Amino acid sequence: MFYVDMSEQIACLDFLLSDEDSDGPSERATLVALHAREDSYGGWEDGPKVLCIHCIDLHKKSSKAAAKPELPFARGLANVPGRQYVDATLMACVPPNTAGEWAAQGAVLVVGAGFVRLYDPKLQPLSSLRGIQAPLVLVKANACGNRWLISGSSGDLHLLRLEGTRSPELIVQCLGISAPASGIGTWKYGEYAFIGSRVTDSEVLHLWEPKAEAPATTSTTGQPRPTLADAFEVTDRWTNLGPITDFCTKEDTDGLTNQIITCSGAGEKSGSLRFIEMGIPVEELGSSEGFGNVLGMWALGSHFLVLTRSNSTEVLRISECQSGDGDFSLEVWAKTAGLQLEEETLLCCGVCDRVVIQVTQSGVWAMNSENLAPVSEWTAGAPFLTASEMRGGQGVMLATQKGDVYAIDFQEGSQRLISAGEWQLRSEPSCLAATTPWCAAGLWSDELVIWERKKDFWQSLTLPTLPRSLAFLRFSAAHEPELRLFAGLCDGRVSVVTVDGAWRLQHTVAVGLQPVQLLPFPGAADVETDMGPKLPWGQPCEGAQEQDRLLAISGKGSILQAQSQRVLRWQICLPSMSHAAFFSHGFGCIQHCMAFISHERLLLALLRLGQRIDVRTVPLPQAPRRICYHTGSRICVVGCSDLPSISTPDMPRTRSRANVQFVHSETTDLLGTMTLGQDEMVASVVAVTFAGDCTEYIAVGTAIVLDNEPEPSRGQVLLLALRGDTSVQTAKCGLDEEPPFRLVCTLEVPGAVYTLVAFQQMLLGAVNNRLQLWNLKSGQLVEVCRYSAGVIVLDVQVMGSHILVGDIMRSVNLFRFEDSSLKMVAYDEISAWSTSVDMLSDNHFLCADDGGNLLALSRGELTASVGDVRILERVGRIHTGEFMNRFRPGFFALRVNEPRVKTTIWASASGAFGVIVPVNCEKTFMRLLMLQDCIRRELVPMLTHSTLRDTLQCRPALCAKDCQLFF
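Just so we're clear, the structure is a prediction, and the values are computed from it rather than from any experiment.

1. Describing the overall build of the protein chain
- Within the protein chain, the secondary structure is distributed over 4 helices and 74 strands.
- For the protein chain, the residues scored as buried account for 50% of the 967 residues in total.
- Nonlocal contacts in the protein chain, meaning residues at least 24 apart in sequence, comprise 51% of its contacts between residues at least 6 apart.
- Total accessible area on the protein chain stands at roughly 45600 Å², and carbon and sulfur atoms take up 50% of it.

Written out as structure tokens, the structure reads:
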């Protein structure tokens, strides 16, 4: 090993091989380097670069350039053998004997903006053609080197073919549009390619072999040829959240978990919103397409699945393929003498070991669960409207449109269906539920009626809106069983009703936007799999012995579990769930299998132990830059803009106009767009309310970005309010329709509004290096006070009357608002390029700098020179290696025993995010330090990367017994 000093920056480097190198090791090597001048920011300066040949003597450990690689600071330098001046960005060496005689000694391939050139080993031109406008990556697509993949800045993927026998011919074919690549890897002789991207999801492509008669896009003969598009198939995608430019948190109904919504991607066609939350993983066993317009689905026995549509019912038999590879087959089961197929099914359920019941509008039908042979039937005069299973019994409840309710039981001895009770409701029912000894009915008048079967006890409750499904949920607490009644409402909420002498409405939680369908899980005593005994998700409350769970479906699936004072909720990682069914007796040799319908696709799946991150992607026309969440309408307000395009000789530099887009957080529909002015960019956005006004406004801070200004000198604050017509909150708007928010007022400011934050029912903003506070009076923003300090204020956080300011160079300053003015109370005397700040309390703060460091600061002693201003002392430092550009308060899949503890979520430009949890107890902090030291002593030597990734060789650092020594 030896080193060779180069006075210029090297952009690309590759060895030029020859026929002599293939015979064995040689003492000489030829190196081709693309030299570039480094600019003041560490990048490569635009303009010509020099391509130079270097001869390496491995014996003497020396290097000699064929021609001095002198960069063209001034005109007059000419191309000579061994040196070429090119406006190239990519370079690679072609192996010898690639295609014809011209490649006997190898060649050098150079790709730049708008051209592709081929040079011989002495850097003499061989061939050239017009190529990709903005190439980013060049990689060899096969072993012999006559096929190359080129990726452009917009994701366009091209195949470059080197052909010709005596003279080279370059042919480029456009394969299609993929992800903008930062790296490309190929395998299986170029049949597959991995497109790694920094700005969007990476993709695995299956490249198709172009046909012999397929024309190329361009050739050296000058004859135009059409483009060959979509010559690949995307077989897999690898999620990449970066770069995260901003994010907001959406607090869950239990107040303990959050959904994170990130602004991800950069550049044209790569921007998206990512909805991130923790969910229960789904292991798919098999799937089938074509299950649209399904109104209901039920599992009968271990192999039958009943699906109903309008005026028809279908039975599917699911069986495992004989190949034994885990695949399943579906067939329509015709041997259904006991099942009514010409009617819409209201309910199917099992009432005992070998008997199942079907409820239709005309009656109740009992049949054998193994062969669906008829057993018994029961009919009445009026058509039935709704039905429910009797939990804890052997029957069903059904009701007519007039309010007649019947309880139908199945007698095992006589094998008959009999009427066990009749009741009369005062209006039309919408749903039913029953458990021993209680019955409940939801009415179309937004009422809930509860009665006891064998006693004269009736009670009526008013619900927030129309109930569409009911389910009783019972769990055993420390002393005695408790009962809950869950009501799924038509607006996506679930109301919880509890009994304590009398039934009362306890609280209401939101699970979606669509009418809620509630499905009780099988009994906890029957659920003992690898998901864990009795309680697969979460921990039981103290003294709990058995807990029932519900599956709530409202566009997505959620598992609800009752506790004494609250309801725990877990999201299922399966989008657009419309129906579900449980194989309570197992499916074949698989226990606790479930059937789902998602995106008109039938899935057989298992719910697994634990939780994983679930990411939903919403593509946007432009890259998102700033985001905030409007609580009242559940709409995400997103500021979007594209970076200026790359200027080329054939395509001048352009800049699209920025806009504000409105995306519904539940349906992910784009509700509308508000376009900004020319050269106006979105710099900040926040939700704010003002004193004496209950309206929740959206404030948008902008900046007028001009090429001749180093820092924007003009900007605006736009105040938006939700329109009076609330129907736009859930309706997907077209291009010609108005956005859901209207403009209330505008305020011009002398600079860029880099950040906005709600502060004491006023609006606080940072305009260049000034803090400005505004209030809303008579429909206009009026300035309250201002404070000029710092260089550029990038981030502002507030708590109480204190304001924490992060400056681009002056680190962190702390202000207090009193007597209608801002006063500095503390500052960091050490300079730092802060990127984001956060307040843990009035005395403890966080600061992230541009070096990937996370700093903890605390208010120290008073300074002698500045009166009552204190110094912010740096009490902690962690090098995270991440460029943290945003802090937000919130929880993320975290159960904290102390609800008052404030946790912080951070996100970085690389796509990483995490949670910072302060430890308020000194005793707990010391225990964690002792545990950390114990782990460090145990891991000697430290784990290497290969050992860490090898799950077969890793072992626990500490056992549970060791942890008990500290806790």
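Right, picking up where we left off after that structure.
2. Some points on the packing of aromatic side chains
- Summed over the entire model, instances satisfying the criterion amount to 15 aromatic pairs.
- An angle of 10° between the planes, with centres 5.8 Å apart, marks the rings of W187 and Y192 as stacked.
- A relative accessible area of 36% places W187 in the partly exposed class.
- Between F662 and F741, the ring centres sit 5.2 Å apart and the planes meet at 15°, which makes this aromatic pair stacked. Taken together, the residues F662 in strand β54 (residues 659–664) and F741 in strand β59 (residues 741–749) connect sequence positions 79 residues apart. An identical accessibility class is assigned to F662 and F741; each is buried.
- Members of the aromatic cluster, each reached through a chain of ring pairs, are W438, F457, F472 and W503.

3. Here's the deal with a nonpolar patch on the surface
- A cluster of nonpolar side chains, contributed by V919, F925, M926, L928 and L929, occupies part of the molecular surface with about 390 Å² of accessible area.
- Position of F925 among the secondary structure elements: in helix α2 (residues 922–938).
- For F925, a relative accessible area of 41% puts it in the partly exposed group.

4. Points about the sheet that holds strand β63 (residues 780–788)
- Taken in spatial order, the 4 strands line up as β60-β61-β62-β63 in an open sheet, and their pairing is antiparallel. What marks the edges here is a single partner per strand, and that holds for β60 (753–759) and β63. Within this sheet the neighbouring strands show an average axis-to-axis angle of 25°, counted without direction.
- Relative to strand β62 (residues 770–777), strand β61 (residues 762–767) is paired through 5 bridges, and the arrangement is antiparallel. Paired with A766 across the bridge in β62 is L771.

5. Focus on the pairing of strand β69 (residues 844–849)
- Most of β69 is tucked away, with 5 of its 6 residues classed as buried.
- Pairing analysis gives 5 bridges linking strand β68 (residues 834–839) to β69, with the strands arranged antiparallel. What sits directly across from V837, in β69, is C847.
- Linkage of β68 to β69, two consecutive antiparallel strands, is achieved through a turn of 4 residues.

6. Some points on the nonpolar core
- Counting residues in each nonpolar core, the largest one holds 31 residues, and the members touching the most others are V359, V364, V396 and L398.
- Counting residues per element, the ones that place at least two in this core are β22 (296–300), β23 (304–309), β26 (345–352), β27 (355–360), β28 (363–368), β30 (384–391), β31 (395–400) and β32 (404–411).
- Among the elements that take part in this core, β26 stands out by supplying 6 residues, more than any other.
- When sequence neighbours within four positions are dropped, the list of residues in contact with L398 reads V359, V364, W378, F384, T386, A387, D404, V405, Y406, I408 and L432.

7. Regarding the pattern of salt bridges
- Counted by the stated rule, this structure contains 17 salt bridges.
- When the shortest N-O distance is used, the salt bridge between R426 and E447 registers 2.6 Å. Here R426 is found in the loop between β33 (416–424) and β34 (429–435), whereas its partner E447 is found in strand β36 (residues 447–452), with 21 residues between them in sequence.
- Assessed through its relative accessible area of 58%, R426 is described here as exposed.
- Taking the relative accessible area as the measure of exposure, E447 reaches 18% and is therefore buried.
- Its salt-bridge partner being E818, residue R816 comes within 3.5 Å of it at the nearest N-O pair.
- Looking at R816, the relative accessible area reads 21%, which means it is partly exposed.
- Via salt bridges that share partners, D246, D795, R886 and R888 belong to a single interconnected network.

8. Structural notes on the side chain of T360
- Inspection of the secondary structure puts T360 in strand β27.
- Using a relative accessible area of 0% as the deciding quantity, one classes T360 as buried.
- Of the polar contacts made by the side chain of T360, one reaches the side chain of E343; its length is 3.3 Å.

9. Regarding the sheet that holds strand β56 (residues 680–688)
- Overall, antiparallel pairing links the 4 strands, which are arranged β56-β57-β58-β59 in an open sheet. Each edge of the open sheet carries a strand with a single partner, namely β56 and β59. With direction set aside, neighbouring strand axes in the sheet form an average angle of 20°.
- Of the pairings in the sheet, the one linking strand β58 (residues 715–722) to β59 comprises 8 bridges and is antiparallel in character. Looking at β59, one finds that L718 is bridged to T746.

10. So, the pairing of strand β12 (residues 156–163)
- By the criterion of burial, β12 is predominantly enclosed, with 7 of the 8 residues buried.
- Bridge count between strand β11 (residues 147–152) and β12: 5 bridges; the pairing is antiparallel. The residue of β12 that forms the bridge with L149 is L159.
- Note: β12 against strand β13 (residues 169–177), 8 bridges, orientation antiparallel. Opposite R161, over in β13, you have I171 as the bridge partner.
- What sits between the antiparallel neighbours β12 and β13 is a turn of 5 residues, in which G164 has the positive phi angle 105°.

11. Section: the environment of A299
- Within the element layout of this structure, A299 appears in strand β22.
- Non-local contacts of A299, meaning those with residues more than four positions away in its chain, are made with F304, L305, A581, F582 and F583.

12. Observations concerning the confidence of the model for the protein chain
- The share of residues in the protein chain with pLDDT of 70 or more is 81%, and the mean pLDDT across the chain is 80.
- Within the model, pLDDT remains below 50 along residues 214–228, and this stretch shows 39 contacts once partners closer than five positions in the same chain are excluded.
- Note on residues 948–967: pLDDT is under 50 here. Beyond four places in sequence and across chains, it has 18 contacts.

13. A few points about unusual backbone geometry
- Along the chain, G242 connects to P243 via a cis peptide bond; the corresponding omega equals -10°.
- The topology assignment puts P243 in the loop between β17 (232–238) and β18 (244–251).
- The residue after T436, namely P437, is reached through a cis peptide bond having omega 0°.
- As for its position among the elements, P437 is in the loop between β34 and β35 (438–443).
- Even without being glycine, D819 reaches a positive phi, approximately 55°.
- For D819, the position within the fold is in the loop between β66 (812–818) and β67 (821–827).

14. Some thoughts on the side chain of H35
- Relative to the helices and strands, H35 is located in strand β2 (residues 28–36).
- Its relative accessible area of 0% is what places H35 among the buried residues.
- A polar atom in the side chain of H35 sits 3.0 Å from the side chain of H54.

So, how was this worked out
Residues numbered from 1 in each chain as written. Predicted model: local features only at pLDDT ≥ 70, side-chain atom pairs only at ≥ 80, totals over all residues. Heavy atoms only, no water. Helix = DSSP H or I, 4+ residues; strand = E, 2+ residues; numbered from the N terminus. Buried < 20%, exposed > 50% of the residue type's maximum accessible area, 1.4 Å probe, protein only. Contact = heavy atoms within 4.5 Å. Areas by Shrake-Rupley, 256 points an atom, 1.4 Å probe, with all protein chains shown as cover. Phe/Tyr/Trp six-rings, centres within 6.5 Å; stacked < 30°, edge-to-face > 60°. Patch = residues over 30% accessible without salt bridge, like charges linked within 9 Å, V, L, I, M, F, W, Y side chains within 5 Å. Salt bridge = Lys/Arg side-chain N within 4 Å of Asp/Glu carboxyl O. Pairing = 2+ DSSP bridges. Axes fitted to C-alpha atoms, helices over the stretch in contact; angles between N-to-C directions. Core = buried A, V, L, I, M, F, W, Y, C linked by side-chain atoms within 4.5 Å. Polar contact = N/O pair within 3.5 Å; in protein donor to acceptor, adjacent residues only side chain to side chain. pLDDT = per-residue confidence, 0-100.

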